[in-house]
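For reference, the chains in residue letters:
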Amino acid sequence: MTASNILQAQFDNSYYRDLEGCYVAWQGVVAPKPEVIRINHQLADELGFNIKALTDDQSAEIFSGSKILEGSVPIAQVYAGHQFGGFTPILGDGRALLLGEVLDRDGMRRDIQLKGSGRTPFSRQGDGKAAIGPVLREYLISEAMYALGVPTTRSLAAVTTGEKVLRESQLPGAILTRVASSHLRVGTFEFFAAREDIEKVRLLADYSISRHYPDVSGQSDQYLLFLSEVLDAQAKLVAKWMAIGFIHGVMNTDNTTISGETIDYGPCAFMDQYDPASVFSSIDLQGRYAYQNQPTMAIWNITRLAEALLPLFDDNQEKGVEKATAVLESFSEKYYEYWLQNMRSKLGLVTERKEDMELVKGLLKSLEGQHIDFTNLFIGLSKAAEGDQTSLLSLFDDAETIAQWLALWRHRLDAEEVPMQTRLGIMARANPRYIPRNHKVEEALDAATYEQNFEPFKKLLAILESPFEAHADSEEFENPAPESKIPYRTFCGT
Ligand code: AMP
Ligand code: MG
């Protein structure tokens, strides 16, 4: 029996079938000695893949791209993108291959993509490969985001290739298998808009609507409604990022999905000490993608989508601009509504009141300059809601700064008739105990890269897979980094 039959992957490749001209058919290079690091069995089950029937060698062959599965037609997708504000007319999958799409157990269409599988026509100067560090980093953080309830691409498998890739030094090569509800990006639209290929833009929009937003299909102004849906999905997404302190690091339009999933975990990091200006990426010299700028950058990216779609809004360009502007102007209100919903849950609030925005802003204001760990602050508040303020107060150099705010919060809580258990349950589900702490992520990646020791990676992953529950003997994962590891820097290791 061939490996492809054992996996029982049922491909149905709509992107390949319906979007000719938006990709090139391509094949990965054969990895010399692929070995499995990790397979995500829960996700494999969701996809209907029978991984358990495979030997490790068969899995390694499949997830390194060495074996082409029955029904898979590998393609490299083309896209453009605004990177740090500047437009690059052609980017495309330079180190990725879409193996195809499968319908999962819920009937949802999911892309299966290899990342690090070799050069493609879009590789430019790159080698098309990936080093083990960035592969495991994306695996860890995407799965952490999923467990945190944030829309995200998923990680199905990580394998080593058995060859070295040249970065600052020779590093073990690896390949990630990524699963996404699609890889349609704002940059996909920009590629064809920049070439004034309006029919391709329309084709892509129709495809995106039927794949992601079928409810708007056939309505008058369906393309405006489509824009509005993408805007809504991005507003919701970034509001979640902000609530957990996630900083994407490269919010370029080629990394902005139409589905509203987080994609491309490069120099991303979680904010430890609360500081709205936090930037971790070494390449983000101007702080364009700093924590506090993320909502602004999201609407900036959606505005680029609106520009690409403009000819579809109205035959009269001026009218088209007017209509699009009205949609774009809705972002701020939507974003703040989503953000406030998240923050209310973090504070244990069940009802909605006008003054809640002030309450949340007051809390954040009281943190300024205090070097308070953002994650542990909310764990402290959960404990304070139960009646024990000690750990909360111990976070502050000067407890007076929070005392006044605590009184306001208690007053607000008392104004709701909510059983304590309900409130604590809401807080427990909104405030993670564990985030991918930057120093723990680095420890895990270093052990894998330099010692071929995957235990720290697996241990960290196990914790991040259930971030809201207390794990035994895992205090080191709750604690912030020692001072010696701050400030933390991420590098766009590709
Ligand atoms: P990213 O910064 O990961 O969003 O990637 C930006 C662009 O660079 C995309 O077109 C990637 O496919 C391409 N790229 C990144 N790393 C490599 C590599 N090692 N080889 C070829 N292309 C790459
Ligand atoms: Mg990218």
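Anything mentioned here points back to the structure above.
Conventions and cut-offs
- Residues numbered from 1 in each chain as written.
- Chains lettered and ligands numbered in written order.
- Predicted model: local features only at pLDDT ≥ 70, side-chain atom pairs only at ≥ 80, totals over all residues.
- Heavy atoms only, no water.
- Donors = N, O, S within 2.8 Å, 3.2 Å for Na, K, Ca; no water.
- Buried < 20%, exposed > 50% of the residue type's maximum accessible area, 1.4 Å probe, protein only.
- Phe/Tyr/Trp six-rings, centres within 6.5 Å; stacked < 30°, edge-to-face > 60°.
- Helix = DSSP H or I, 4+ residues; strand = E, 2+ residues; numbered from the N terminus.
- Lys NZ or Arg CZ within 6 Å of the ring centre and 35° of its normal.
- Polar contact = N/O pair within 3.5 Å; in protein donor to acceptor, adjacent residues only side chain to side chain.
- Contact = heavy atoms within 4.5 Å.
- Near = heavy atom within 4 Å.
- Nonpolar A, V, L, I, M, F, W, Y, C, P; charged D, E, K, R; others polar.
- Domains from an automatic or database assignment.
- Expected span 1.5 Å × (residues − 1).
- Core = buried A, V, L, I, M, F, W, Y, C linked by side-chain atoms within 4.5 Å.
- Salt bridge = Lys/Arg side-chain N within 4 Å of Asp/Glu carboxyl O.
- Pairing = 2+ DSSP bridges.

J.: Please provide a residue-by-residue account of the coordination of the magnesium ion (ligand 2), values included.
T.: Ideal values for angles at a metal depend on the geometry: 109.5 degrees with four tetrahedral donors, 90 or 180 degrees with six octahedral donors. Of the protein atoms, only Asn255 (OD1) and Asp264 (OD) coordinate the magnesium ion (ligand 2), at distances of 1.8 to 2.2 Å. Classification of Asn255 as buried rests on a relative accessible area of 12%. For Asp264, a relative accessible area of 12% translates into the label buried.

J.: Can you tell me about the packing of aromatic side chains, naming the residues and giving the values?
T.: One pass over the full model with this rule turns up 19 aromatic pairs. Measuring from centroid to centroid gives 5.7 Å for Tyr15 and Tyr207, while their planes differ by 85°, and the two rings are edge-to-face. Of the two residues, Tyr15 sits in helix α2 (residues 14-18) while Tyr207 sits in helix α7 (residues 198-212), which places them 192 residues apart along the sequence. By the burial criterion, Tyr15 is buried, and Tyr207 matches it. One aromatic cluster in this structure is built from Tyr15, Tyr16, Tyr23 and Tyr207. Cation over ring: Arg304 sits above Trp300, and NZ or CZ is 4.3 Å from the ring centre. Directly above the ring of Tyr336 sits Lys361, whose terminal nitrogen or CZ lies 5.7 Å from the centroid.

J.: With reference to specific residues and values, describe the side chain of Glu138.
T.: Looking at where Glu138 falls in the secondary structure, it is placed in helix α5 (residues 132-147). Within polar-contact distance, the side chain of Glu138 engages the side chain of Arg178 at 3.2 Å. Residues within four places of Glu138 in sequence aside, it is in contact with Lys115, Glu143, Thr153, Ser155, Leu176, Arg178 and Tyr265.

J.: Before we move on, can you summarise the site of ligand 1 with the specific residues and values?
T.: Near ligand 1 you find 18 residues, and of these Gly92, Gly94, Arg95, Gly128 and Asn255 are the closest. Measuring from an oxygen atom of ligand 1, one finds a backbone N or O atom of Gly94 at 2.7 Å. Interatomic distance of 3.2 Å between a side-chain N/O atom of Asp264 and an oxygen atom of ligand 1. Residue classes in the shell around ligand 1 are distributed as 2 nonpolar, 8 polar and 8 charged. A domain split of the shell around ligand 1 shows at least three residues from each of domain 1 (3-180) and domain 2 (186-339).

J.: Describe in detail helix α8 (residues 222-244), supporting the description with residues and values.
T.: Under the 1.5 Å per step criterion, the end-to-end length of α8 is 33 Å for 23 residues, consistent within 8% with the ideal 33 Å. Of all 23 residues in α8, 19 are buried; the element is thus mostly enclosed. Once α8 finishes, Gly245 follows within two positions and takes phi at roughly 80°, a positive value.

J.: Summarise the environment of Leu103; cite the residues concerned and give the values.
T.: Inspection of the secondary structure puts Leu103 in strand β6 (residues 96-103). Along the primary structure Leu103 and Val186 are separated by 83 residues, whereas in three dimensions their C-alpha atoms are 24 Å apart. Filtering out sequence-adjacent residues up to four positions away, Leu103 remains in contact with Gln10, Leu47, Met108 and Arg109.

J.: Just give me the short version of the nonpolar core, but keep the residues and values in it.
T.: Counting 124 residues, the largest nonpolar core has Phe189, Leu227, Leu309, Leu347, Leu381 and Trp409 as its most contacted members. No other element matches α8, which puts 15 residues into this core. Once residues lying within four places of it in the same chain are set aside, the contact partners of Phe189 are Val201, Leu204, Ala205, Ser208, Phe226, Ile258, Leu305, Ala308 and Leu309. With 23 residues, the next largest nonpolar core counts Ile6, Ile62, Leu114 and Ala157 among its residues.

J.: Tell me about the side chain of His439, residues and numbers included.
T.: Turning to its location among the elements, His439 is positioned in helix α17 (residues 438-451). Not counting chain neighbours up to four residues away, the residues in contact with His439 comprise Glu476, Asn479, Pro480, Ala481, Pro482 and Lys485.

J.: So, the environment of Ile299: which residues are in play, and what are the values?
T.: Topologically, Ile299 is positioned in helix α9 (residues 294-313). The sequence separation of Ile299 and Tyr335 amounts to 36 residues, and the corresponding C-alpha distance is 9.7 Å. Those residues in contact with Ile299, other than ones at most four positions away along the chain, are Leu231, Leu328 and Phe331.

J.: Can you lay out α5 for me, pointing to particular residues and giving the numbers?
T.: The periodicity of an α-helix, 3.6 residues per turn, causes residues three or four positions apart to be oriented the same way. Here α5 is 16 residues long and its end C-alpha atoms lie 23 Å apart, about the 22 Å a rise of 1.5 Å per residue gives. Most of α5 sits inside the fold, with 14 of its 16 residues counted as buried. Gly149 lies just past α5 and shows a positive phi near 85°.

J.: How would you sum up the pattern of salt bridges? Please name residues and give values.
T.: Inspection of every chain in the model, using the stated rule, returns 32 salt bridges. Asp111 is paired through a salt bridge with Arg211; the nearest N and O atoms lie 2.7 Å apart. Here Asp111 is found in strand β7 (residues 109-115), whereas its partner Arg211 is found in helix α7, with 100 residues between them in sequence. Exposure class is identical for Asp111 and Arg211. Each is buried. Lys323 serves as the salt-bridge partner of Asp221, at 3.7 Å between the closest nitrogen and oxygen. Highlighted residues: Asp221 in the loop between α7 and α8 and Lys323 in helix α10 (residues 317-328), separated in sequence by 102 residues.

J.: Outline the pairing of β6, listing residues and values.
T.: In terms of burial, β6 is largely enclosed, as 7 of its 8 residues are buried. Note: β6 against β7, 7 bridges, orientation antiparallel. Considered in β7, the bridge of Leu97 is made with Leu114. Where β6 folds back onto β7 in an antiparallel hairpin, the turn is made up of 5 residues, including Gly107, whose phi is positive at roughly 80°.

Don't take any of this as a statement about function, it's just geometry.
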